[in-house]
Amino acid sequence: MTIKPVVINERMAELDLLACRAHSIDEKQYPEMANLINHFLVLDPDDQNYRELADRLMTADASKCMPDEVADFVKAAYECDIEKEDALAANNLGALYYGGRIGGESDYEKAREYYEIADRLGYSLASENLAYIFYYGFETEVDYEKAYLYFSKAAFLGRYEATYKLGDMFRNGLYVEKNEKMTSFFYRKALDLVWQDNVSDNKFLGCVYQRMGDLFYEGIGVAQDDEEAFRYYQLAEGCYYKQISEGDKYHVDQIPVVIERQKKLRKRLQKKLPKYEF
């Protein structure tokens, strides 16, 4: 059963006004958003759920920035629930600032503000997102210690991205000593976590497969195995196409990497084929 968010009359009136204003967006440029808003506005008021609409708008037309009219509505809807200590609302709003869908470019300071709210409320994805901010130094100094602590916190709670990022830190000696066995452990653990869930719903599955390919390609904590490496790189390539088409702009540059490694592996594997004389 869908429960309509409880808001004061003034906030409800504001959301109504913003939803109507969002109706003016270009339907050709934002077909998914326009369809969601049009459907929402024809619903009986008792059936209108502002939060549900905000959640759906968050992923609609994912490769484009939100037009201001839509962004204003989404921000207001999430802020309403953040006031009620809704961790997911805080994380989602942080993600929109992080990815630049609000405002046209990433605002990591604003993203961090909302992630910290969600993290304090115990939301594991927010911990993972904060780790990325410190890992890459987005509008702050790089701090591998904080990144490690936040990744560890999120990994403990079952986040597979945080788990493979711990593997990256052991692989590259960031805050911790380089350790191939620990790298292998965390990459394999991330794969285990992925397979415990519905695999097709894991947004960054390509990243896990690529790292598994790296293990076998480079022999990191495991015996070098060209066939296994080739298999995982193929899986990674296929997953990258899907996740990038769904809005992941951060891994576009990894497709050429896995393709190039497949090319090298094809040559190595072909050389190993037996030459039949019959």
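This report concerns the structure included in the present document. (Residues numbered from 1 in each chain as written. Predicted model: local features only at pLDDT ≥ 70, side-chain atom pairs only at ≥ 80, totals over all residues. Heavy atoms only, no water.)

**Topic: the overall build of the chain**
1) Next: Counting its secondary structure elements, the chain contains 13 helices and 0 strands.
2) Next: Going residue by residue from the N terminus, the α and β elements of the chain occur as α-α-α-α-α-α-α-α-α-α-α-α-α.
3) Next: Considered along the principal axes of its C-alpha atoms, the chain spans approximately 80 × 45 × 35 Å.
4) Next: Taken across its 278 residues, the chain has 48% of its residues classed as buried.
5) Next: Long-range contacts, defined here as pairs at least 24 residues apart, represent 57% of the contacts in the chain between residues at least 6 apart.
6) Next: For the chain, the exposed area adds up to about 15000 Å²; of that, 51% sits on carbon and sulfur atoms. (Helix = DSSP H or I, 4+ residues; strand = E, 2+ residues; numbered from the N terminus. Buried < 20%, exposed > 50% of the residue type's maximum accessible area, 1.4 Å probe, protein only. Contact = heavy atoms within 4.5 Å. Areas by Shrake-Rupley, 256 points an atom, 1.4 Å probe, with all protein chains shown as cover.)

**Quick notes on the packing of aromatic side chains**
1) Next: By the definition in use, this model includes 23 aromatic pairs.
2) Next: Centroid distance Y108 to F138: 4.2 Å. Interplanar angle 10°. Geometry classified as stacked. Residue Y108 is found in helix α6 (residues 108–120), and its partner F138 is found in the loop between α7 (124–136) and α8 (144–156); the two are separated by 30 residues along the sequence.
3) Next: Accessibility expressed as a relative area gives 14% for Y108, which makes it buried.
4) Next: Each ring, one from Y135 and one from Y144, has its centre 5.7 Å from the other, and the planes form 75°; the classification is edge-to-face.
5) Next: Feature note: the residues Y98, Y108, Y115, Y132, Y135, Y136, F138, Y144, F151 and Y250 constitute an aromatic cluster, connected by ring pairs.
6) Next: Over the ring of Y232 we find R231; its NZ or CZ atom is 4.5 Å from the centre of that ring. (Phe/Tyr/Trp six-rings, centres within 6.5 Å; stacked < 30°, edge-to-face > 60°. Lys NZ or Arg CZ within 6 Å of the ring centre and 35° of its normal.)

**As for helix α9 (residues 160–172)**
1) Next: If you check α9, its first and last C-alpha atoms are 19 Å apart, about what 13 residues at 1.5 Å a residue would give, namely 18 Å.
2) Next: Among the 13 residues of α9, 11 are classified as buried, and the element is accordingly described as predominantly covered.
3) Next: Tucked inside the fold, the buried residues of α9 contact α7, α8, α10 (180–196) and α11 (205–218).
4) Next: After α9 finishes, the residue G173 shows a positive phi value of roughly 65°. (Expected span 1.5 Å × (residues − 1).)

**Structural notes on the packing of α7 against α8**
Two packed helices can be described by the angle between their axes and the distance between those axes.
1) Next: At their nearest, the axes of α7 and α8 sit 8 Å apart, and the two run at 160° to each other. Considering the angle they form, α7 stands roughly antiparallel to α8. Between α7 and α8 the crossing geometry is left-handed. Residue-level inspection shows S124, S127, E128, L130, A131, Y132, F134 and Y135 of α7 in contact with α8, the latter providing Y144, K146, A147, Y150, F151, K153 and A154.
2) Next: Partitioned by chemical class, the residues of the contact of α7 with α8 number 10 nonpolar, 2 polar and 3 charged. (Axes fitted to C-alpha atoms, helices over the stretch in contact; angles between N-to-C directions. Parallel < 35°, antiparallel > 145°, perpendicular 65-115°, else oblique. Left-handed = near helix turned anticlockwise from the far one by under 90°. Nonpolar A, V, L, I, M, F, W, Y, C, P; charged D, E, K, R; others polar.)

**Overview of a positive patch on the surface**
1) Next: A surface patch of like charges, here positive, comprises K263, R266, K267 and K271.
2) Next: Within the secondary structure, K263 is located in helix α13 (residues 254–272).
3) Next: The exposure class assigned to K263 is partly exposed, which follows from its relative accessible area of 47%. (Patch = residues over 30% accessible without salt bridge, like charges linked within 9 Å, V, L, I, M, F, W, Y side chains within 5 Å. Salt bridge = Lys/Arg side-chain N within 4 Å of Asp/Glu carboxyl O. Lys, Arg positive; Asp, Glu negative; His and termini not counted. Charge placed at Lys NZ, Arg CZ, Asp CG, Glu CD.)

**Brief notes about the environment of L53**
1) Next: If you trace the backbone, L53 turns up in helix α3 (residues 50–59).
2) Next: For the pair formed by L53 and F40, sequence separation is 13 residues and the distance between their alpha carbons is 7.4 Å.
3) Next: With residues near it in sequence (within four places) discarded, L53 still touches L36, I37, F40 and F73.

**Side note on the pattern of salt bridges**
Oppositely charged side chains may form a pair once their charged atoms are brought near each other.
1) Next: Counting across every chain of the model gives 21 salt bridges.
2) Next: In this structure, E116 and R112 form a salt bridge, with 3.1 Å as the shortest nitrogen-oxygen distance. Here the residue E116 and the residue R112 both occupy positions in helix α6, the gap between them amounting to 4 residues, near one helical turn.
3) Next: The exposure class assigned to R112 is partly exposed, which follows from its relative accessible area of 25%.

**Digging into unusual backbone geometry**
1) Next: With phi around 45°, D61 is a residue other than glycine that occupies positive phi space.
2) Next: The phi dihedral of E139 is positive, around 55°, even though this residue is not glycine.
3) Next: With respect to the secondary-structure elements, E139 resides in the loop between α7 and α8.

**A look at helix α2 (residues 31–41)**
1) Next: Where α2 is concerned, the buried positions are M33, A34, L36, I37 and F40. Projected down its long axis, α2 carries its buried residues within an arc of 165°, all on one side. (Arc of directions from axis to C-beta.)

**What to know about the state of the cysteines**
Each disulfide consists of one covalent bond between the sulfur atoms belonging to two cysteines.
1) Next: Going through the model one piece at a time under the given rule, you end up with 0 disulfides.
2) Next: The thiol sulfur of C20 is not disulfide-bonded, and the nearest other cysteine sulfur, from C80, lies at 17 Å.
3) Next: Its relative accessible area of 48% is what places C20 among the partly exposed residues.
4) Next: C207 takes part in no disulfide bond, and the closest cysteine sulfur to it belongs to C239, at a distance of 9.3 Å. (Disulfide = S-S within 2.5 Å.)

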